[in-house]
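Inside the fold
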Amino acid sequence: MLIAPSLIAMLGFLVYPMGSVIYYSLQHYNVAKPWDNGFAGLENFRTLLFEDPLFWQSLGFSVRWVVVEVVLQLLLGLALALIVNESFVGRALSRALVFSPWAVSGVLTTAIWVLLYNPFTGMSRYLADMGLMEYGAAPLANPDTVFWAAVLAELWRGVPFFAILLLADLQSVSKDLYEAAAVDGASRMRRFLHITLPHLRDAIILSTLLRSVWEFNNVDLLYTLTGGGPAHQTTTLPLYVAQQAAQSHNFGYATALTTVAFLILTFFSIVYLRLSKFGAKS
Amino acid sequence: MRRRVVPAAFLAVAALAALAGCGSDAGSGGKTEITFWDTNAGPSRTPIWQHAIAEFERANPTIKVKYVGIPIAQAPQKLDTAIAGGGVPDVADVSTSGLANLVAQKALDPVDDRISKNPALTGKFNEALLTTVRNVVPDGKTYIVPLSTNAGAFWYRKDWFKEAGLEPPKTWSEFFTVVDKLTKPSENRFGFTIRGGAGSIAQMLEVVYGQSGITEFFDAAGKATINDPRNVTALEKYAGLYKKNTPEADLQNDYVKMVAQFDTAGSIAVMQHNLGSYQDHIKALGPDKVASFSVPKSDSGTQAVLSNPVGGVGVFSAGENKEAAFKLAEFFASKDIDGYIADKTGVIPANTDVQGTQAAHIVEAQRVLNDPATKVVQMPYHLPEFNEITKTWAEPLFQKVLLGELTAKDFLDQLAAKLTEAQAGYKERHG
């Protein structure tokens with residue numbers, strides 16, 4: 001009886017939705033084509049694995065997006081955390097500025113960057129006025145620049161996540177360790193490599209895992225910034241799911257894609273935690 | 001025990017009462033409440049519907065209408081979700097471009113009986129519009145009370161044309177010449193703006209069929225004509241405008257971005273859309289700077305225009321207050337209100353009793369549509385897959401054509417195959 005509320009909550013909020021997704025992934029269910037609806041078996045999975053180039057393209061883009069975003073966010077977030085962990089005049093204000101993008105909603109972040117990238121009102125307009133660019137140039141419409149333009153927007157939002165987490169962990173490092181190392185003649189770099197980094201190990205593993213899953217599932221920023229375009233060039237797997245469900249009304253196929261994405265993320269999480277030996281004493 | 005039962009029962013009753021309040025018929029003050037979804041909500045259209053609703057409530061004091069505005073890009077998804085999961089409105093504005101999908105889901109009630117029993121509406125609708133409404137569904141019934149139709153329009157900067165000593169083009173050759181002459185990238189001026197993002201395909205089809213002069217979407221054998229060599233040549237010319245006469249940003253242009261370039265940034269000489277954007281242009285640029293011309297004639301002299309969706313209001317089968325819902329739909333279609341809506345939104349009214357507006361863009365559009373020489377290419381709105389094919393599937397490929405990553409021929413061949421297959425399926429299902 002004591003565990004009944006938890007059990008009911010798990011059944012209602014975890015088992016039922018997941019079971020529902022798996023059920024529909026085995027169906028042809030398209031509200032625009034009701035005459036075709038019915039049991040599909042594994043056909044949706046066969047189609048996505050062997051007949052749908054967009055599945056592989058969007059999965060490939062998702063992996064590239066996650067790797068670039070998480071690595072850059074980690075490096076920049078770590079750098080910022082180290083800086084605002086030092087004592088200097090204006091540290092409180094600096095911390096507030098570093099963390100402020102995290103408080104901005106995803107859609108608002110996109111709105112800011114859409115305006116910045118707008119060829120008639122944004123940065124490129126001013127650069128064109130100065131003769132440094134052509135009028136009408138648009139970073140989000142150019143296949144050569146759209147990826148990095150989107151990466152930059154997401155970095156602005158994502159770096160504070162790492163900065164906050166790593167700064168919190170940095171503040172628990174004993175000052176005695178640094179003093180002892182300094183007495184022994186350890187350089188600043190050696191202190192970072194042998195004291196700071198090992199201390200941050202678990203925080204880095206956990207935050208990169210969380211952020212990887214988060215970035216993989218990212219829909220809001222890319223949906224509103226590029227819509228997955230141009231020509232599917234910034235379509236992640238979840239964005240492809242959203243297009244299949246919301247635009248094509250092909251819910252059966254969309255849930256099959258969702259099931260595969262779920263399996264990929266679960267497998268990745270298990271392997272990542274195993275390989276990184278999360279929680280093990282160094 | 002009794003102490004526990006009483007509060008529990010009270011809570012249950014309170015919860016049921018609260019839940020009951022969610023229904024559409026739990027009107028305040030004994031009024032019947034119905035919900036109306038405006039599926040193209042925005043600053044220019046919302047006040048028009050709100051005014052029409054206020055007039056309805058004044059005429060029908062026992063009915064309260066709850067207005068729900070939904071941006072056009074989200075409307076099909078919201079409707080489909082509501083149909084699948086419950087929570088449909090009583091009435092919504094629905095155009096023939098999405099009608100087949102709703103009827104396939106058995107979401108709407110036919111309105112033929114209501115129209116035939118209403119002397120204020122019987123015989124008052126433009127027959128061509130009624131035919132279009134009936135042709136998009138397999139059973140030939142009328143599922144929306146028609147309110148208006150639209151027409152393709154090319155909005156242009158009158159002041160720039162005057163400055164350059166140019167006249168609005170009458171043929172497609174003239175169109176390409178004019179666009180070229182008005183393009184001055186170093187001065188941040190572009191002759192044209194292509195809609196490369198959401199909604200690109202309908203505009204592309206209008207330019208392609210307009211140039212080729214082909215007048216049927218499917219041939220007698222049910223094969224799509226979109227990949228006819230004349231259409232391929234036409235698409236090549238159209239796509240050739242990208243980055244030569246248009247900004248690079250056009251690749252991702254939806255309506256909002258396109259209209260912002262034309263109205264707000266003031267960098268575009270000619271913008272292709274329809275009569276519906278009239279208010280936006282007039283507000284931003286004023287009547288001295290903007291006017292419209294119709295789809296130019298092909299070089300062979302044929303004026304081919306695409307059939308435009310007919311807009312109307314539908315009554316949902318799952319609604320609980322059908323009588324009030326039908327009353328609202330009929331009220332919107334009445335002479336005065338239809339005339340008001342058409343005038344304010346800048347489109348052609350469906351009710352033939354409405355006195356014709358003298359606005360130049362409407363007069364010109366009606367001239368083209370009423371000209372016996374004009375050929376109307378009927379868009380296959382009867383295919384429930386049409387939106388999926390032209391939006392989800394075709395829009396990214398059209399972007400590839402603009403980028404030069406896919407040839408016009410390959411794109412149109414694939415599009416033709418999809419449309420031909422959908423048409424064959426439709427024939428098989430409905431004969």
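Residues numbered from 1 in each chain as written. Chains lettered and ligands numbered in written order. Predicted model: local features only at pLDDT ≥ 70, side-chain atom pairs only at ≥ 80, totals over all residues.

1. Observations regarding the overall build of chain A
Secondary structure summary: chain A contains 12 helices and two strands in total. When the backbone C-alpha atoms are referred to their principal axes, chain A occupies close to 80 × 70 × 35 Å. Long-range contacts, defined here as pairs at least 24 residues apart, represent 66% of the contacts in chain A between residues at least 6 apart. (Helix = DSSP H or I, 4+ residues; strand = E, 2+ residues; numbered from the N terminus. Contact = placed C-beta atoms within 7 Å.)

2. Notes on the environment of B:Val94
Residue and element names in this part refer to chain B. Structurally, the position occupied by Val 94 is in strand β3 (residues 91-95). Residues Val 94 and Lys 141, 47 residues apart in the sequence, show an inter-C-alpha distance of 15 Å. Among residues more than four places away in sequence, those in contact with Val 94 are Thr 39, Leu 99, Leu 102, Ile 144, Gly 312, Val 313 and Gly 314.

3. Looking at unusual backbone geometry
Glycine aside, residues mostly have negative phi angles, and peptide bonds mostly take the trans form. The omega torsion of the bond from A:Gly229 to A:Pro230 falls at 0°, within 30 degrees of zero and hence cis. For A:Pro230, the location among the structural elements is in the loop between α10 (220-225) and α11 (237-247). In the Ramachandran plot, A:His232 falls in the positive-phi region, its phi being about 70° despite a non-glycine side chain. Tracing the sequence through the fold places A:His232 in the loop between α10 and α11. In this structure, B:Lys106 is a non-glycine residue whose phi angle is positive, near 55°.

4. Quick word on the domain arrangement of chain B
Residues and elements named next belong to chain B. Assigned domains of chain B: these are domain 1 (2-150 + 309-358) and domain 2 (152-307 + 383-430). For domain 1 versus domain 2, the distance between C-alpha centres works out to 31 Å. With four residues, the top contributor of residues to the side of domain 1 that touches domain 2 is helix α4 (residues 96-104). (Domains from an automatic or database assignment.)

5. Points about the environment of A:Leu75
Residue and element names in this part refer to chain A. Along the chain, Leu 75 falls in helix α3 (residues 53-85). On the neighbour-count criterion, Leu 75 (12 C-beta atoms within 10 Å) is exposed. Along the primary structure Leu 75 and Phe 55 are separated by 20 residues, whereas in three dimensions their C-alpha atoms are 30 Å apart. (Buried ≥ 20, exposed ≤ 12 C-beta atoms within 10 Å, placed from the backbone.)

6. Concerning the packing of α3(A) against helix α7 (residues 146-170) of chain A
Packed helix pairs are specified by the crossing angle of their axes together with the interaxial distance, meaning the distance between the axes. Residues and elements named next belong to chain A. It is the contact of α3 with α7, at a shortest axis distance of 7 Å, that shows an interaxial angle of 50°. The angle between α3 and α7 places the two elements in the oblique class. Helix-helix and strand crossings are classified by hand; for α3 and α7 the assignment is right-handed. On α7, the residues that touch Val 68, Glu 69, Leu 72, Gln 73, Leu 74, Leu 76, Gly 77, Leu 78, Leu 80, Ala 81, Val 84 and Asn 85 of α3 are Val 151, Glu 154, Leu 155, Gly 158, Val 159, Phe 161, Phe 162, Ala 163, Leu 166, Leu 167 and Leu 170. Residues that form the contact of α3 with α7 fall into these classes: 17 nonpolar, four polar and two charged. (Axes fitted to C-alpha atoms, helices over the stretch in contact; angles between N-to-C directions. Parallel < 35°, antiparallel > 145°, perpendicular 65-115°, else oblique. Left-handed = near helix turned anticlockwise from the far one by under 90°. Nonpolar A, V, L, I, M, F, W, Y, C, P; charged D, E, K, R; others polar.)

7. Section: the interface of chain B and chain A
Interface size is commonly expressed as the accessible surface area that is lost when the partners come together. Listed by partner, the interface residues are 29 residues for chain B and 26 residues for chain A. Within the residue set of the side of chain B that touches chain A, elements represented by two or more residues are α3 (75-85), α4 and α16 (386-403) of chain B. Per-element tally for the side of chain B that touches chain A: the top contributor is α16(B), with seven residues. Partitioned by chemical class, the residues of the side of chain B that touches chain A number 11 nonpolar, 10 polar and eight charged.

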